[in-house]
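Chain by chain, the residues run as shown.
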Amino acid sequence: GRMYTWAMAMGLDTAYDRKHYGSIKLPYRGICPEGWYLPSDEEWNYLKNYLREHSEYKAYFTNQIGGGFDYQGFYRSEDEETLFWSSSEYSSEYLSYDAYAWVWAFRKDLSIVNDNAHKYTGAYIRCLKEGSKVTWTSSESQSSSSSVPASSSSSAPVSSSSSVESSS
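What you see is a predicted model, and the numbers here were worked out from it, not measured in a lab.

## Looking at the pairing of strand β6 (residues 112–118)
Point 1. In the sheet, strand β5 (residues 100–107) pairs with β6 via 7 bridges, with the strands oriented antiparallel. Note that in β6 the partner of W102 across the bridge is N116.
Point 2. What sits between β5 and β6 in their antiparallel hairpin is a turn of 4 residues, with L110 showing a positive phi close to 75°.

## Points about the environment of A117
Point 1. In this fold, A117 is placed in strand β6.
Point 2. A relative accessible area of 11% places A117 in the buried class.
Point 3. Considering only alpha carbons, one finds A117 and L83, 34 residues apart in sequence, at a separation of 9.9 Å.
Point 4. Ignoring sequence-local partners within four residues, the contact set of A117 consists of W85, A99, Y100, A101 and V103.

## Let's talk about the nonpolar core
Point 1. By size, the foremost hydrophobic cluster in this structure holds 23 residues, and its most contacted members are W6, L12 and W85.
Point 2. Those elements that place two or more of their residues in this core are α1 (6–10), β4 (81–89) and β5.
Point 3. Ranked by residue count, the leading element in this core is α1, at 4 residues.
Point 4. W44, L51, F84 and F106 belong to the second-largest nonpolar core, a separate cluster that totals 9 residues.

## Quick notes on the packing of aromatic side chains
Point 1. Applying the stated criterion to the full structure yields 6 aromatic pairs.
Point 2. Relative to F106, the ring of F84 has its centre 5.6 Å away and its plane inclined at 80°; by these criteria the two rings are edge-to-face. Here F84 is found in strand β4, whereas its partner F106 is found in strand β5, with 22 residues between them in sequence.
Point 3. Classification of F84 by relative accessible area gives buried; the value is 2%.
Point 4. Here F106 falls in the buried class, since its relative accessible area comes to 0%.
Point 5. The ring of W6 is capped by K119, whose NZ or CZ atom sits 4.4 Å from the centre of that ring.

## Description of the pairing of β5
Point 1. Within β5, 6 of the 8 residues are buried, which leaves it mostly tucked inside the rest of the structure.
Point 2. Note: β4 against β5, 6 bridges, orientation antiparallel. Considered in β5, the bridge of E89 is made with A101.

Scoring rules and cut-offs
Residues numbered from 1 in each chain as written. Predicted model: local features only at pLDDT ≥ 70, side-chain atom pairs only at ≥ 80, totals over all residues. Heavy atoms only, no water. Pairing = 2+ DSSP bridges. Helix = DSSP H or I, 4+ residues; strand = E, 2+ residues; numbered from the N terminus. Buried < 20%, exposed > 50% of the residue type's maximum accessible area, 1.4 Å probe, protein only. Contact = heavy atoms within 4.5 Å. Core = buried A, V, L, I, M, F, W, Y, C linked by side-chain atoms within 4.5 Å. Phe/Tyr/Trp six-rings, centres within 6.5 Å; stacked < 30°, edge-to-face > 60°. Lys NZ or Arg CZ within 6 Å of the ring centre and 35° of its normal.

If you want it as structure tokens, here you go:
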């Protein structure tokens with residue numbers, strides 16, 4: 001039930017809430033327990049598509065309306081949506097959005113959307129179990145260009161041998 005800034009969820013110094021961390025080697029453990037990791041934007045999108053096809057599971061996310069706090073520190077949307085962090089930073093070839101990362105909103109109206117939120121927004125996390133069904137194919141899987149370690153856990157690729165599981 002806690003909300004975290006992006007850097008807190010990633011297990012990084014809070015200085016990274018306001019600047020670009022660099023390419024993160026995925027999967028990325030962050031503050032998830034051993035054997036679990038923070039889902040990337042691509043993996044959240046996989047869940048969105050799965051829930052579109054299997055709507056009977058959508059209530060597991062949309063019935064947990066907890067809001068979030070915005071970039072100014074104001075609690076908002078508690079009766080409308082719940083925000084979840086991805087491990088993916090937002091990037092654009094046209095603009096410098098160093099202080100943004102992808103966040104996913106599961107809404108009371110059953111819609112699911114992602115947006116580029118300030119990294120110092122407050123959002124919840126979900127963790128995926130290592131070895132889950134989701135496969136990793138993004139170009140973001142390159143190792144970090146920053147001097148800060150990429151993760152506090154092993155960065156073994158995710159296999160496609162078992163089903164997707166989550167932990168809160």
